[in-house]
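# Notes for the structure review
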Amino acid sequence: MKNKIVKAIVAFLFVMLTTGAVCFMSSCSCSGNNSVTITFVTNGGKEIPPITLKKGEELTLPTAEKDGRVFAGWYYDERFTSGCPKKIIAEKDETLYARYGAVLTFVTNGGTEIEPRTYFEGEEIGTLPVSYKDGFSFSGWYYDVELSQIVGKKDNIEHALTVYARFSEKS
């Protein structure tokens, strides 16, 4: 009799475990599990704790924060090849990766105004716009007020920067 009870209990537990009706570990992925966890990799930004919600629930993604940068969006991969919308429907556990941009601001020193530009963190600056000033020739953009460190188009931008226009008097 004792043997039959043990066999019945073992059979019952086997059925319960294989059908996903019972989970003994919090991290198990039972077919009956109705929760989804979204994990955020902020890439040096302020930490964002994982969010757990019900499968099928809509989530408006948080904005990541990192000093000297602007948040550019969430991506499904760490190489930033697959962008994520601002709202997602939680269907499965996901890990999302934050991407940031850096704003380049122009001080035109009396020349025509230039709107700030936003780059992805680590992107090459490239060719910058020209500012115009009556009676002067534009001589380039510089990293410092003293106009001693010229900006190169192959330079990378890692954080918010301000550049300064240099002009030469026309003869």
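Summarised in this report is the structure supplied together with it. (Residues numbered from 1 in each chain as written. Predicted model: local features only at pLDDT ≥ 70, side-chain atom pairs only at ≥ 80, totals over all residues. Heavy atoms only, no water.)

### Focus on the nonpolar core
In plain terms, the rule: Residues grouped as a nonpolar core are buried Ala, Val, Leu, Ile, Met, Phe, Trp, Tyr and Cys residues, joined through side-chain atoms within 4.5 Å. The buried label applies to any residue whose accessible area, calculated with a 1.4 Å probe on protein chains only, is under 20% of its type's maximum; exposed applies above 50%, and partly exposed to all values in between. The way it works is that DSSP assigns letters per residue, a run of H or I at least four long becomes a helix, a run of E at least two long becomes a strand, and they are numbered from the N terminus. Two residues qualify as a contact provided that any one of their heavy atoms is within 4.5 Å of a heavy atom in the partner residue.
In terms of nonpolar packing, the biggest core is built from 15 residues, with Ile38, Phe40, Leu61, Trp74 and Leu96 touching the most fellow members. When residues of this core are traced back to their parent elements, those giving at least two are β1 (35-41) and β6 (94-107). Among all residues touching Leu61, those that are not within four sequence positions of it are Phe40, Trp74, Cys84, Pro85, Lys86, Ile88 and Leu96. Within the second largest apolar cluster, 14 residues are counted, among which are Leu104, Ile125, Trp141 and Val151.

### Thoughts on the packing of aromatic side chains
The line we're drawing: Note on aromatic contacts: the rings of Phe and Tyr and the six-membered ring of Trp form a pair at centre separations within 6.5 Å, being stacked when their planes are under 30 degrees apart, edge-to-face when over 60 apart, and tilted otherwise. Whether a charge sits over a ring comes down to the Lys NZ or Arg CZ being within 6 Å of the ring centre and within 35 degrees of the ring normal.
The tally for this structure, following the rule as stated, stands at seven aromatic pairs. Relative to Phe167, the ring of Phe138 has its centre 5.7 Å away and its plane inclined at 70°; by these criteria the two rings are edge-to-face. Here Phe138, found in strand β9 (residues 136-142), pairs with Phe167, found in strand β11 (residues 161-169); they are 29 residues apart in sequence, far enough to count as distant. Here Phe138 falls in the partly exposed class, since its relative accessible area comes to 26%. Taken together, the aromatic side chains of Phe40, Phe71, Trp74 and Tyr100 make up a single cluster linked through ring pairs. It is Arg99 that lies over the ring of Tyr75; its NZ or CZ is 5.8 Å from the centre. Looking at Lys133, its charged tip hangs above the ring of Phe136, at a distance of 4.6 Å from the centre.

### Some thoughts on the pattern of salt bridges
Put simply, the test is: A pairing counts as a salt bridge when a side-chain nitrogen of Lys or Arg comes within 4 Å of a carboxyl oxygen of Asp or Glu.
Scanning the entire structure with this criterion turns up three salt bridges. A salt bridge links Glu121 to Arg69; its shortest N-O distance comes to 2.9 Å. In this pair, Glu121 sits in the loop between β7 (117-120) and β8 (123-124) while Arg69 sits in the loop between β3 (58-60) and β4 (70-75), placing the two residues 52 residues apart along the sequence. Judged by its relative accessible area of 25%, Arg69 falls in the partly exposed class.

### Quick word on the pairing of β6
Rule in force here: DSSP calls a pair of strands paired once it identifies at least 2 bridges connecting them.
Most of β6 is tucked away: ten of the 14 residues are buried. As paired elements, β1 and β6 share four bridges and run parallel to each other. Each residue of the ladder has a partner; that of Thr39, found in β6, is Thr95. Of the strand pairs in this sheet, β4 and β6 are connected by five bridges, and their pairing is antiparallel. Directly across from Gly73, in β6, lies its bridge partner Arg99. In the sheet, β6 pairs with β7 via four bridges, with the strands oriented antiparallel. The residue bridging Gly101 from the neighbouring strand is Phe120, located in β7. Summarising the sheet, β6 and β11 pair through four bridges and their orientation is parallel.

### A short note on the environment of Asp77
Heads up, the condition is: Each polar contact in these results corresponds to two N or O atoms within 3.5 Å; when the atoms are within protein, one needs to be able to donate a hydrogen and the other to accept it, and residues that are neighboring in sequence are counted only if both atoms are side-chain atoms.
Structurally, Asp77 is set in the loop between β4 and β5 (87-89). The class for Asp77 is buried, based on a relative accessible area of 18%. A sequence separation of 21 residues divides Asp77 from Ala98, and the C-alpha atoms of the two residues are 9.4 Å apart. Among residues more than four places away in sequence, those in contact with Asp77 are Ser82 and Tyr97. Separated by 2.6 Å, the side chains of Asp77 and Thr81 make a polar contact. Among the polar contacts made by the side chain of Asp77, one reaches the main-chain amide nitrogen of Ser82 at a distance of 2.9 Å.

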